[in-house]
Amino acid sequence: MSLIVKICGLSTRETLGVALDAGADMVGFVFFPPSPRHLSLETARDLGRQAKGRASKVALTVDAEDATLANIVEALQPDILQLHGGETVARLRDIKQKFGLPVMKAIAVENPADLAPLPGYAAVADSILFDARAPKEATRPGGLGAVFDWHVLENLDLKLPFLVSGGLNAENVAQAVRITRAGGVDVSSGVERAPGVKDAEMIHAFIRAARATENDTTLTTAGVR
């Protein structure tokens with residue numbers, strides 16, 4: 001089964017074009033003002049048209065209200081809503097009902113105890129994204145280049161599709177997939193030369209390294225389908 005590769009935090013036509021041409025399966029767009037990757041609705045509309053039909057468009061939000069989500073959905077016309085804040089299971093269910101879109105819930109991971117809420121979220125979400133827990137002083141929950149201990153997910157029995165994120169780059173993505181047996185990987189800062197500034201060569205290198213894991217016979221087809 002093919003590994004799902006998601007390039008997140010894209011903000012220009014040029015770097016989006018690189019990600020699409022390199023074969024990204026998902027392209028992520030950030031709607032969270034504290035992030036250096038935050039998009040205006042006007043830019044999102046333009047990039048959404050560019051990506052349409054070439055990759056799944058993912059809208060990343062953090063504890064967004066319905067009005068904000070509605071504006072994002074109208075502008076980007078995303079295929080998936082990625083909820084990266086402290087949204088409850090009830091909130092996930094509400095968003096799915098209101099907007100009729102698949103929901104990817106991000107779960108911050110530092111130690112095994114962080115997986116305790118997983119069953120509740122897995123009962124509602126369409127997929128799960130495991131990301132490194134941000135430091136308490138951080139102004140945003142992700143895109144910080146932090147890595148978590150992938151062994152926390154090593155024996156995970158999750159029927160739901162899941163992706164791994166947090167400090168991934170071309171050098172470590174194969175190890176992350178090998179340990180977690182995730183069906184997808186998500187990168188943002190690992191393909192940037194400065195915060196919010198994507199690098200074409202780094203995008204190509206990451207996708208090449210991720211694709212190379214598909215030929216690793218030690219991996220199973222667990223994860224994203």
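Just above, that's the structure.
Residues numbered from 1 in each chain as written. Predicted model: local features only at pLDDT ≥ 70, side-chain atom pairs only at ≥ 80, totals over all residues. Heavy atoms only, no water.

Caption draft 1: Spotlight on helix α2 (residues 41-51). Those residues of α2 that fall on the buried side of the exposure criterion are A44, L47, G48, Q50 and A51. Seen along its axis, α2 keeps its buried residues to an arc of 160 degrees; they face one direction. More than 90 degrees from the buried face of α2, the exposed residues found are E42 and R49. Check the buried side of α2 and you find it contacts α1 (13-21), β2 (26-31), β3 (56-61) and α3 (66-76). Count one or two residues on from α2 and you reach G53, which has phi positive near 80 degrees. (Buried < 20%, exposed > 50% of the residue type's maximum accessible area, 1.4 Å probe, protein only. Helix = DSSP H or I, 4+ residues; strand = E, 2+ residues; numbered from the N terminus. Arc of directions from axis to C-beta. Contact = heavy atoms within 4.5 Å.)

Caption draft 2: Representation of the packing of aromatic side chains. What the rule picks out here adds up to one aromatic pair. Directly above the aromatic system of Y121 lies the positively charged group of K105, at a separation of 5.2 Å from the ring centroid. (Phe/Tyr/Trp six-rings, centres within 6.5 Å; stacked < 30°, edge-to-face > 60°. Lys NZ or Arg CZ within 6 Å of the ring centre and 35° of its normal.)

Caption draft 3: Quick look at the packing of α1 against α2. At their nearest, the axes of α1 and α2 sit 10 Å apart, and the two run at 25 degrees to each other. When the axis of α1 is compared with that of α2, the two are roughly parallel. Crossing of α1 over α2 shows right-handed handedness. Across the interface between the two elements, R13, L16, G17 and L20 from α1 touch D46, L47, Q50 and A51 from α2. (Axes fitted to C-alpha atoms, helices over the stretch in contact; angles between N-to-C directions. Parallel < 35°, antiparallel > 145°, perpendicular 65-115°, else oblique. Left-handed = near helix turned anticlockwise from the far one by under 90°.)

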